[in-house]
Structures are given as C-alpha cells and as structure tokens.
Amino acid sequence: MSQTVYSVTELNNLLKKKINQAFPTQIEVEGEISNYSVSGGHAYFSLKDKTGVIRGIIWRSTLLKMNQKIKDGQHVTAKGTLDIYCKGGSYSLIVHKLQSHDKSGD
C-alpha cells in the first residue's frame, strides 16, 4: 500500500483548495480583538475566544472604507473569507466587515 508524499507547497495548496470548497462564501466569526496593529495601511489582529484564536486581516482598501475605531479587547462579529497564505502555511480570516458588540458602539 503506497502512501502519497506531499511537498510543503503541495500540501498548503491542497489545504487552500479544501478550505475554499468547504467555505465558498463569506462567513461570520465572533470573538475578541487582540494584538491589533496597522502596517502598510493593512490591519492585522487576532480574533479569539476562550480557547481558540484565528488571525484576522483587513486590507487597506477595506480599512479605509470602515468608519469605526478598532481596538484590543473589542468584542466583534467579523464577516469575511478564509484564506491560506501558502508560502507561510498560515490561514487567516480576510475581514470585509466588522460589527462591534461593545456598549460604546465603536
């Protein structure tokens, strides 16, 4: 019985394809923002709950259209698409919209 041996690139590309098939449209993920930073006009952060974390990215063009403050500790629902950065082997939620659940409404 022969088992397929994948290169790192082949495995990452296969996983990206599988994720895109499993989640072909935008999804909503609820959590708390942490480690928020902006670099090159793009926003990077972690979206976490009690036991898990996913990386979040808001591209510059989307961030410019958002009329809200984003800060660590903010409880949000993030709407976006899942993506795998194949070179780095990491996956992220590419955020298109954020809805704050904080009382301040930021």
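My aim in this report is to walk through the structure given alongside it, one point at a time. Model, not experiment: these values are computed from the prediction.

## Overview of the pairing of strand 4 (residues 75-85)
Pairing analysis gives six bridges linking strand 1 (residues 27-39) to strand 4, with the strands arranged antiparallel. Considered in strand 4, the bridge of glutamate 30 is made with threonine 77. Where strand 4 meets strand 5 (residues 90-100), 10 bridges bridge the pair, whose relative direction is antiparallel. Of the residues in strand 5, the one forming a bridge with valine 76 is serine 100. The turn joining strand 4 and strand 5, which pair antiparallel and follow one another in sequence, is formed by four residues; a positive phi near 65° is taken by glycine 89.

## Observations concerning the sheet that holds strand 3 (residues 53-58)
Taken in spatial order, the five strands close into a barrel running 1-2-3-5-4, and their pairing is mixed. Put simply, the sheet's adjacent strands are angled 50° from each other on average, direction ignored.

## Overview of the pattern of salt bridges
Overall, the coordinates contain one salt bridge when judged by the stated rule. A salt bridge links lysine 16 to aspartate 83, with the nearest nitrogen and oxygen atoms 3.0 Å apart. One end of the pair, lysine 16, is in helix 1 (residues 8-22); the other, aspartate 83, is in strand 4, with 67 residues separating them in the sequence. Overall, the relative accessible area of 26% leaves aspartate 83 in the partly exposed class.

Quick notes on the rules
- The written sequence of each chain sets the order in which its residues are numbered from 1.
- Side-chain atom pairs in this predicted model are given and counted only at pLDDT of 80 or more, local residue features only at pLDDT of at least 70, and totals for whole chains, interfaces and linings cover all residues.
- Computation of side-chain values: all heavy atoms of the structure, hydrogens and water removed.
- Strand pairing is assigned whenever DSSP detects at least two bridges linking the two strands.
- Secondary structure elements follow DSSP: runs of H or I no shorter than four residues count as helices, runs of E no shorter than two count as strands, and numbering proceeds from the N terminus.
- For every element, the axis is a line fit to its C-alpha atoms; helices are fit only across the contacting stretch, and the angle between N-to-C directions ranges from 0 to 180 degrees.
- The salt bridge criterion pairs a side-chain nitrogen of Lys or Arg with a carboxyl oxygen of Asp or Glu, the two atoms within 4 Å.
- Throughout, exposure labels follow a simple rule: accessible area from a 1.4 Å probe, protein chains only, divided by the maximum for the residue type, with under 20% read as buried, over 50% as exposed, and the rest as partly exposed.

In short, shape yes, function no, at least from these values alone.
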